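Structural description and commentary
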Amino acid sequence: MTDTLWVLGAGGLLGSAVVRASASRGTDRESLLVVPVPWDDPGAAAVVFSETVARLNRQYLSSPGDTLRVAWCAGAGVVASQQDQFAREASVVEALVAALGDLVPGLLAGLSVFVASSAGGVYAGSSPAPHDEFSATSALVPYGFAKLRLEQQFREFAGASGARVVLGRIANLYGPGQNLGKGQGLISTLLWGALQGSPVKVYVDLDTVRDYLFVDDAAAMVMGSLDLAALTDPGTVTIKVIASGNRVTVFNLLHVVRRISSQRPLVVQGSSPLRTGQVRDLSLTSRVWPELDELASTSLLVGVHRTYLDLQRARLEAHP
């Protein structure tokens with residue numbers, strides 16, 4: 001019997017960490033499914049999803065009893081993205097859930113899906129903090145509305161198919177491999193500025209509170225969520241806040257970056273239209289599956305240091 005894990009967005013920060021977490025559990029290559037997806041072309045993505053599901057069906061028919069878990073870790077959109085990008089992403093998700101609905105009954109019956117959503121996106125207008133799984137959602141910008149739409153698409157899929165779905169509302173992720181070109185990731189941006197000796201623009205007040213979660217800890221929580229989801233009733237939708245539970249200000253980050261890099265970060269505070277989506281306090285806590293919260297074990301100092309070493313290596317490779 002094969003327990004297949006299909007990771008969508010395996011090239012991104014979270015997806016690549018989920019692949020690593022799967023390997024650390026001893027998952028072999030045959031059980032890990034990573035398929036290139038043309039994210040900017042929903043029609044072509046639909047073909048990829050249909051072909052992948054057809055392959056999984058053939059595999060199941062030749063080996064009844066196989067199980068499937070899906071980790072949606074994709075999403076190129078960030079807070080600064082335009083509406084058309086979110087519309088394409090919604091079309092891609094629509095194509096995915098349609099394809100998953102074509103799984104043979106035996107495979108569909110045991111399906112568990114983890115959906116990476118954004119705690120900051122969906123709780124931005126909610127109060128008071130800290131936010132948990134039972135807090136009201138209130139998006140302020142298109143990014144947050146897109147995440148709520150993503151969650152709704154998978155809720156509807158769970159209701160129609162009986163799949164078990166976990167909506168993972170994730171804190172601010174950081175760690176080695178973050179794409180600085182996406183315009184997100186304050187920790188990596190501050191570290192890169194320290195390495196380069198270049199100023200970093202910050203569009204929020206220094207007492208702004210966020211929850212920063214090391215990406216490998218997040219990946220372990222994703223895998224744990226899929227394990228627990230498999231124990232729930234068919235069609236169950238579980239909301240899980242994936243966070244460290246720690247309150248960290250921008251001022252705290254500047255102190256840590258200075259300690260790690262031995263350089264005083266050069267910060268320029270500025271204004272931006274995106275500031276409307278940046279509230280003062282987005283601290284998080286969790287009341288669902290609290291046993292998973294112990295997996296958020298990497299301290300901020302250790303996590304930032306690992307991220308710094310990765311950026312330092314990348315800089316040396318780019319400028320030997």
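Here's a quick rundown of the structure. (Residues numbered from 1 in each chain as written. Predicted model: local features only at pLDDT ≥ 70, side-chain atom pairs only at ≥ 80, totals over all residues. Heavy atoms only, no water.)

This brings us to empty space enclosed by the protein. A full pass over the atoms with the stated rule returns three cavities of 30 Å³ or more. Size it by volume and the largest cavity reaches roughly 60 Å³. Lining the largest cavity are F86, E89, A90, V93, A146, R149, L150 and Q153. For the lining of the largest cavity, the secondary-structure elements that each account for two or more residues are α3 (83–100) and α6 (142–161). (1 Å grid on protein atoms, 1.4 Å probe; cavity = no way out; pocket = protein on both sides within 12 Å on 5 of 7 lines; lining within 4 Å. Points joined across faces, edges and corners; volume = space filled by probe spheres on them. Helix = DSSP H or I, 4+ residues; strand = E, 2+ residues; numbered from the N terminus.)

This next bit is on the pairing of strand β3 (residues 67–72). Burial runs high along β3: five of the six residues are buried. Direction of pairing for strand β1 (residues 3–8) relative to β3: parallel, over a ladder of six bridges. Among the inter-strand pairings, T4 is bridged to a residue of β3, identified as L68. In the sheet, β3 pairs with strand β4 (residues 112–118) via four bridges, with the strands oriented parallel. Looking at the pairing, A71 lines up with F114 of β4. (Buried < 20%, exposed > 50% of the residue type's maximum accessible area, 1.4 Å probe, protein only. Pairing = 2+ DSSP bridges.)

Turning next to the packing of α3 against α6. Interaxial distance between α3 and α6 falls to 10 Å at its minimum, and their mutual angle equals 10 degrees. Taken together, the axes of α3 and α6 lie roughly parallel to each other. Where α3 abuts α6, its residues Q83, F86, E89, A90, V93, E94, L96, V97 and L100 lie against P142, Y143, A146, K147, R149, L150, Q153, F154 and F157. Residues that form the contact of α3 with α6 fall into these classes: twelve nonpolar, two polar and four charged. (Axes fitted to C-alpha atoms, helices over the stretch in contact; angles between N-to-C directions. Parallel < 35°, antiparallel > 145°, perpendicular 65-115°, else oblique. Contact = heavy atoms within 4.5 Å. Nonpolar A, V, L, I, M, F, W, Y, C, P; charged D, E, K, R; others polar.)

In spatial order, the strands read β2-β1-β3-β4-β5-β10; together these six strands make up an open sheet with parallel pairing. One side of each edge strand has no neighbouring strand; the edge strands of this open sheet are β2 (32–33) and β10 (237–242). With respect to the sheet, α3 is in contact with β1 and β3, its orientation differing from that of β3 by roughly 175 degrees. The strands touched by α6 within the sheet are β3, β4, β5 (164–170) and β10, with β4 carrying the most contacts at an inclination of about 165 degrees.

This part takes up the environment of D217. Inspection of the secondary structure puts D217 in helix α8 (residues 215–229). With a relative accessible area of 7%, D217 lands in the buried category. A C-alpha to C-alpha distance of 24 Å links D217 and R258, two positions 41 residues apart in sequence. Those residues in contact with D217 that lie beyond four places of it in its chain are L295, A296, S297 and T298.

Working note: α-helix, 3.6 residues per turn, so residues spaced by three or four point in the same direction. Between the first and last C-alpha of α8 there are 21 Å, a value that for 15 residues agrees with the 21 Å anticipated at 1.5 Å per step. Within α8, twelve of the 15 residues are buried, which leaves the element mostly enclosed by the surrounding structure. Listing the buried residues of α8 in full gives V215, D217, A218, A219, M221, V222, M223, G224, S225, L226, L228 and A229. (Expected span 1.5 Å × (residues − 1).)

So, on to the side chain of Q178. Summarising the element assignment, Q178 is placed in the loop between β6 (172–174) and α7 (186–196). Those residues in contact with Q178 that lie beyond four places of it in its chain are L13, L173, Q184, G185 and S188.

The next point concerns the pattern of salt bridges. This structure, assessed with the given rule, holds 14 salt bridges. Between R69 and D227 there is a salt bridge; the shortest N-O distance is 3.4 Å. Here R69 is found in strand β3, whereas its partner D227 is found in helix α8, with 158 residues between them in sequence. Accessibility expressed as a relative area gives 11% for R69, which makes it buried. R280 is paired through a salt bridge with D205; the nearest N and O atoms lie 2.8 Å apart. (Salt bridge = Lys/Arg side-chain N within 4 Å of Asp/Glu carboxyl O.)

With that settled, the discussion passes to unusual backbone geometry. Cis geometry is adopted by the peptide bond preceding P128, which originates at S127 and carries an omega value of 0 degrees. Summarising the element assignment, P128 is placed in the loop between α5 (119–123) and α6. With an omega dihedral of 5 degrees, the bond running from A129 to P130 counts as a cis peptide bond. Along the chain, P130 turns up in the loop between α5 and α6.

With that settled, the discussion passes to helix α10 (residues 300–318). For α10, which comprises 19 residues, the first-to-last C-alpha distance of 27 Å matches the rise-based estimate of 27 Å (1.5 Å per residue) to within 8%. Taken residue by residue, α10 has G303, V304, T307, Y308, D310 and L311 as its buried positions. For α10, the angular spread of buried residues about the axis comes to 165 degrees, placing them on one side. Opposite the buried face of α10, at more than 90 degrees from it, the exposed residues are L316 and E317. Elements in contact with the buried residues of α10: β6, α7, β9 (212–214) and α9 (250–261). (Arc of directions from axis to C-beta.)

Don't take any of this as a statement about function, it's just geometry.
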